[in-house]
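Structural overview for review
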Amino acid sequence: MSNPLRPPAAILSATGLHAGYGAGDIIKGVDAELGTGRIVTIIGPNGSGKSTLIKTLAGLLPARQGEIELEGRRLNDLSAPKRVRAGIAYVPQEYNVFRNLTVLENLKIAREFMGAGRSRERVLDDEVAGLFPELAAHHRTQAGNLSGGQRQMLAFACALTVRPKVLMLDEPSAGLSPKHMSDVFDKVQRVNAIGVSILLVEQNAREALRISHTCIVLAGGRVRAVAPANEVLGMKDLNSLYLGDATLH
Amino acid sequence: MTSYLVLLGIVVCFSAILALALNFQWGLGGMVNFGLTGFYALGAYASALLMLKAGANSFFAVVAAIAVVAAVCAVVAFVTLRVTEEDYFAIVTLGVGEMLRLVALNEDWLTRGALGLTGIPRPFGDVIAPEYYQYFLLALAVVLLAATLWFLGAVARSPFGRLVRAVREDDVVAATLGKNVLWIRVRIFAIGGGIIGLAGSMHGFYYQYIDPTQFSNIVLAYGFMAVIAGGRGAHRGAILGAAAVMVLLEGSRFLKDLVPALDSDQLAAIRIIIIGVGLIALLIWRPQGFLREYRLKVSP
Amino acid sequence: MLQTTFNGIVTGVIMTLPALAVTLLFGVLKFPNFAVGAMMTIAAYMAFALNAQLGWPLLPAAAAASVAMGVLCIGIDHVTFKPLRERGGITLMVASLGLGFILENIARFAYGNSARSFAIELARPFRFADVRMNQEQMITIAVSTAAMIAMWLLLTRSPMGRAMRAVADNPSLALVRGIESPRVIRWAWFIAGVLLAAGGVLIGMDRALEPPMGSNYLISVFAAAILGGLGSPLGAFVGALVIGVVSELSTLVAPPNYRIGVPLCAIAVILIFRPQGLFGQPYIRK
């Protein structure tokens, strides 16, 4: 069933992407798109290459084959710091804050090297503070001394200090209590609402899909399916998706 | 000229043995021995002292040197069992090596300190005529090198060697074995240490005179250069590497004739600079870097 | 004993600067740099050339040598360590060993083995509370303290200082926060070069200038940095003082030639039982 309206232009796209750590490739020929202003969630079993894909998009891993484009601009040759400055923010799953620096220093660093003052809007302190009130009290605490949930919030906040075009989150809810989890997804929606396109990798598939527009299913390093999120939500058995058995439009 | 080549050959042999030991401890055991120089000195002094002060014959002295250094290495490996980071282990061994050198320099009553030990007897020195002795020593050195090659290769191919490799490559295996894993490290380090002791005693036979200045970190540099220059192929590598390094060392002696304007201090300085440059150049341009593993099918 | 303690404090204070350099370089580059001793030597001789041979007063000579060393270190890194960046700690350590040989022997080639001294006016030593001190020692304490404070300010208040701490904490995260590592590395080497030059000049003032002058301190400096915790500037300061004082005090109970046994044992004990030292963070090698 095709959508009669033209789909929104993709702000971030990967075409035929191959990448890996050692001898073989972990992701093999991945095509993925993030529509402008959308929330896209990538789901898949462990070892399917979700983290590898995100790391390759962020520039931490070289793309062995394929293209990565941001708003039509080819990113392959840009180093990770340059990609960040071009507008792709990334929050890794673990070790995502500087533990030996205070909360305030983490936030400062996130801004200082972003070459802001060019054509990018700066997120005002107020906006970030408004999104993350729980951090305000802990400015002088060392990030390593925060609780798991607070660290996740800090990592999230750091990625937003200079408003990115695209925000990529690798399992933001991992290891969080249900309360914190829904807090995270709530914030994701609010960030999206101010105009940031979001690419999410998630194990807690259902929670993430509830707030997403589109779902990409990754298994064995390949894209098995791409579908509107609510369709995938409606499916009782996600496993068949992973195996590529189910048919979706 | 022949005489010169024979002497060079002897030096290449025991340098190669030293390189093999370094390679063994590092390639198989994952332990980089930055204290190589100190253990080498320990072997040389142990062997020389036993012959000079206790009247031991050369065979006994060599065996004892092997045992002494192996034992000290075993103790070091045991005490540092918890230091699993390569870098930190290297720093600790550097410290141990320095300590050994310090003892050699300061314990005059035993080692005659800076004066050194002279008149070290050679194996069968009384029996073989002086004009033929160097050939004998070369033959002996080659035999010992071959024996070392065979022995270390045999250890690498043995069930013990396979166990060591399995432990290093697979964390699950290591976890299952628990405490035993740690003893493996001790044994590897001790075996390598014994070989270092062998090389040390040969050093004494060759020069017949040892003093602390012979045991500077240049020795460590030679060891690494031989290992790096050798590259892949455990055996041929170390020998080729040692030969290359010795050629470099000996070759730079001829600088003196080329540039008479420099005094001996300056020439010595230039030689060491060449060694340093050579070491770095080898590291950069030898893409294999250090030899990292003994393969089961080691090329001869 | 008071005199010995004071001497130990002075030694410790001298070692603070190179210990800071070691800890900074380890934090940013992730390997122990064994050439720092020889770097101090070369810088000291550069100051000597300006001071004793060209007639500059010591302070401008030292300042010029410091800047020159900073720049030289950036160049050395570019030629020697950059090609080896991906290869791991041992390779870099061995390269630094070779570099140490080269630098020390350049000094030996240029100036020979005999001891030299800076051209400074001799001032009479004075006594304070039964302890003999001289002017050089006072200058040493003043300079080192000033350098410590400057380093502290740099690391905590400036963006580049924060960036260096960030890279030391988590290099890949630093990348995705927009920090370009080549720039941080250049700054780290420049600052290390300045610190090492200052340390070298202080050693030259305290003792004499000879080719092994820097390497003689290598083990002690590393012990200081390790005791304090590799990567922790405060640790470098505390560690240097502790090692300095304990080493000097050890001469009261053991032969002076074994003074170096103190840092050697410290290194072994700390790396075995508490590798992160007093103030360091356990480093997770990913």
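Residues numbered from 1 in each chain as written. Chains lettered and ligands numbered in written order. Predicted model: local features only at pLDDT ≥ 70, side-chain atom pairs only at ≥ 80, totals over all residues.

**Notes on the overall build of chain B**
For clarity, the cut-off: Numbering of helices and strands runs from the N terminus, with a helix taken as a DSSP run of H or I at least four residues long and a strand as a DSSP run of E at least two residues long. Exposure is read from a count of other C-beta atoms within 10 Å of each residue's own; the residue is exposed at 12 or fewer, buried at 20 or more and partly exposed in between. C-beta atoms are placed from the backbone. What counts as a contact is two residues whose backbone-derived C-beta atoms lie within 7 Å of each other.
Scanning chain B from N- to C-terminus turns up 13 helices and 2 strands. A total of 300 residues make up chain B; the buried ones form 47% of that total. Across chain B, contacts joining residues at least 24 apart in sequence account for 81% of those joining residues at least 6 apart.

**Some remarks on the overall build of chain A**
When its secondary structure is counted, chain A shows 10 helices and 10 strands. Here chain A, with 249 residues, has 45% of them falling under the buried criterion. In chain A, the proportion of contacts linking residues at least 24 apart, taken out of those at least 6 apart, comes to 69%.

**Thoughts on the sheet that holds strand 2 (residues 27-35) of chain A**
Residues and elements named next belong to chain A. Stated formally: Note: two strands are recorded as paired if DSSP finds a minimum of 2 bridges between them.
Taken in spatial order, the 4 strands of this open sheet run 2-1-4-5, and their pairing is antiparallel. Two strands bound the open sheet, and with one partner strand each, they are strand 2 and strand 5 (73-74). Alignment of strand 1 (residues 10-19) against strand 2, held across 7 bridges, turns out to be antiparallel. Residue pairing across strands places Leu17 opposite Val30, the latter belonging to strand 2.

**Quick word on the interface of chain C and chain B**
Accessible area lost upon the coming together of the parts serves often as the stated size of an interface. If you look at the interface, chain C gives 36 residues, while chain B gives 35 residues. For the side of chain C that touches chain B, the elements supplying multiple residues, two or more each, are helix 4 (89-111), helix 9 (218-228) and helix 11 (261-273) of chain C. Here the side of chain C that touches chain B gets 15 residues from one element, more than from any other, and that element is helix 4 of chain C.

**A look at the sheet that holds strand 6 (residues 88-91) of chain A**
Residues and elements named next belong to chain A. Applied cut-off: In this description, a line fitted to the C-alpha atoms serves as the axis of each element, helices being fitted only across the stretch in contact, and the angle between N-to-C directions of two axes falls anywhere from 0 to 180 degrees.
Here we have 6 strands laid out as an open sheet, ordered 6-7-8-3-9-10, and mixed in their pairing. The open sheet terminates on both sides in strands that have one partner only, identified here as strand 6 and strand 10 (222-228). Strand-to-strand twist in this sheet, taken as the mean axis angle between neighbours without regard to direction, amounts to 15°. Looking at chain direction, strand 3 (residues 39-43) and strand 8 (residues 197-201) are connected through 4 bridges and run parallel.

**Let's talk about the environment of C:Trp187**
Residues and elements named next belong to chain C. Summarising the element assignment, Trp187 is placed in helix 8 (residues 181-206). Looking at Trp187, the number of C-beta atoms within 10 Å reads 20, which means it is buried. Sequence separation of Trp187 and Val36 is 151 residues, and the distance between their C-alpha atoms is 16 Å. Ignoring any residue separated from it by four or fewer positions in sequence, one finds Trp187 in contact with Met160 and Met164.

**Brief notes about the environment of B:Val62**
Residues and elements named next belong to chain B. Tracing the sequence through the fold places Val62 in helix 3 (residues 58-79). Taking the number of C-beta atoms within 10 Å as the measure of exposure, Val62 has 25 and is therefore buried. Considering only alpha carbons, one finds Val62 and Phe89, 27 residues apart in sequence, at a separation of 28 Å. Setting aside anything within four residues of it in sequence, one finds Val62 in contact with Ser47, Leu198 and Ser201.

**Comments concerning the packing of helix 3 (residues 58-81) of chain C against helix 8 of chain C**
All names here are of chain C. What counts here: Note that the term roughly parallel is reserved for angles under 35 degrees, roughly antiparallel for angles over 145, roughly perpendicular for angles of 65 to 115, and oblique for everything else. Helix crossings are classified by the rotation of the near helix relative to the far one: an anticlockwise turn of less than a right angle makes the crossing left-handed, while a clockwise turn makes it right-handed. Asp, Glu, Lys and Arg are counted as charged, while Ala, Val, Leu, Ile, Met, Phe, Trp, Tyr, Cys and Pro are counted as nonpolar; the rest, among them Gly, fall into the polar class.
Following both chains from N to C, one finds helix 3 and helix 8 inclined at 140°, their axes separated by 7 Å at the closest point. The angle between the axes of helix 3 and helix 8 places the two elements in the oblique class. By crossing handedness, the relation of helix 3 to helix 8 is classed as right-handed. Within the contact between the two elements, helix 3 uses Ala62, Ala65, Ser66, Met69, Gly70, Leu72, Cys73, Ile74 and Asp77 and helix 8 uses Ile185, Arg186, Trp189, Phe190, Ala192, Gly193, Val194, Leu196, Ala197, Ala198 and Val201. Split into classes, the residues belonging to the contact of helix 3 with helix 8 amount to 15 nonpolar, 3 polar and 2 charged.

**Thoughts on the pairing of strand 1 of chain A**
On a regular strand, one side chain projects to one face of the sheet and the next to the other, so that they alternate. Here strand 1 of chain A pairs with strand 4 (residues 65-70) of chain A via 5 bridges, running antiparallel. By the bridge assignment for strand 4 of chain A, A:Leu12 is matched with A:Leu70.

**Notes on the interface of chain C and chain A**
The partner chain A presents 22 residues to the 16 residues of chain C that form the contact. With 6 residues, the single largest contributor to the side of chain C that touches chain A is helix 6 (residues 159-169) of chain C. The class makeup of the residues in the side of chain C that touches chain A is 7 nonpolar, 4 polar and 5 charged.

**Describing the confidence of the model for chain B**
Residue and element names in this part refer to chain B. This is how the line gets drawn: The pLDDT score gives, residue by residue, the confidence of the prediction method on a 0 to 100 scale.
Scored by pLDDT, chain B has a mean of 81; 88% of the residues are at 70 or more. Under a pLDDT of 50 for its full length, residues 289-300 has, in the predicted model, 29 contacts with residues more than four places off or in other chains. Across the whole predicted complex the pTM is 0.87, and at the interface the ipTM reaches 0.88.

**Here's the deal with the nonpolar core**
This is how it is decided: For our purposes the nonpolar core covers buried Ala, Val, Leu, Ile, Met, Phe, Trp, Tyr and Cys residues that link as a set through C-beta atoms within 7 Å.
A:Met168, B:Ala16, B:Ile17, C:Met39, C:Ala43, C:Ala188 and C:Ile267 are the most contacted members of the largest nonpolar core, which totals 278 residues. If one sorts the elements of this core by residue count, helix 8 of chain C sits on top with 16 residues. If we ignore the near neighbours within four places in the chain, the residues touching C:Ala188 are C:Leu24, C:Leu25, C:Val28 and C:Met164.

**As for unusual backbone geometry**
For A:Tyr95, which is not glycine, the phi dihedral falls at a positive 50°. Positioned with a positive phi, C:Lys30 is a non-glycine residue whose angle comes to about 65°. Summarising the element assignment, C:Lys30 is placed in the loop between helix 1 (2-29) and helix 2 (36-53).

**Quick word on helix 4 (residues 86-106) of chain B**
Put simply, the rule is: Given a helix with a known number of residues, its expected span is that number minus one, times 1.5 Å.
With 21 residues, helix 4 of chain B ought to run about 30 Å at 1.5 Å a step, and its terminal C-alpha atoms sit 30 Å apart, in line with that. Counting buried positions along helix 4 of chain B yields 15 of 21 residues, so the element is predominantly enclosed.

**With respect to the environment of B:Met246**
Position of B:Met246 among the secondary structure elements: in helix 11 (residues 234-253). For the pair formed by B:Met246 and B:Met225, sequence separation is 21 residues and the distance between their alpha carbons is 10 Å.

**Details of the packing of helix 10 (residues 233-250) of chain C against helix 11 of chain C**
All names here are of chain C. Contact geometry of helix 10 with helix 11 gives a least axis separation of 8 Å together with a crossing angle of 130°. On the basis of the axis angle, helix 10 is oblique to helix 11. The residues of helix 11 that touch helix 10, namely those facing Ile243, Val246, Ser247 and Ser250, are Val262, Pro263 and Ala266. Among the residues making up the contact of helix 10 with helix 11, the classes are represented as 5 nonpolar, 2 polar and no charged.

**Topic: the pairing of strand 3 of chain A**
Residues and elements named next belong to chain A. Within strand 3, 5 of the 5 residues are buried, leaving the element largely enclosed by the surrounding structure. Residues Ile39, Thr41 and Ile43 point to one face of strand 3 and Val40 and Ile42 to the other, with burial holding for every one of them. Bridging between strand 3 and strand 9 (residues 214-219) involves 4 bridges; their strand directions are parallel. Paired with Thr41 across the two strands is Cys215, which belongs to strand 9.

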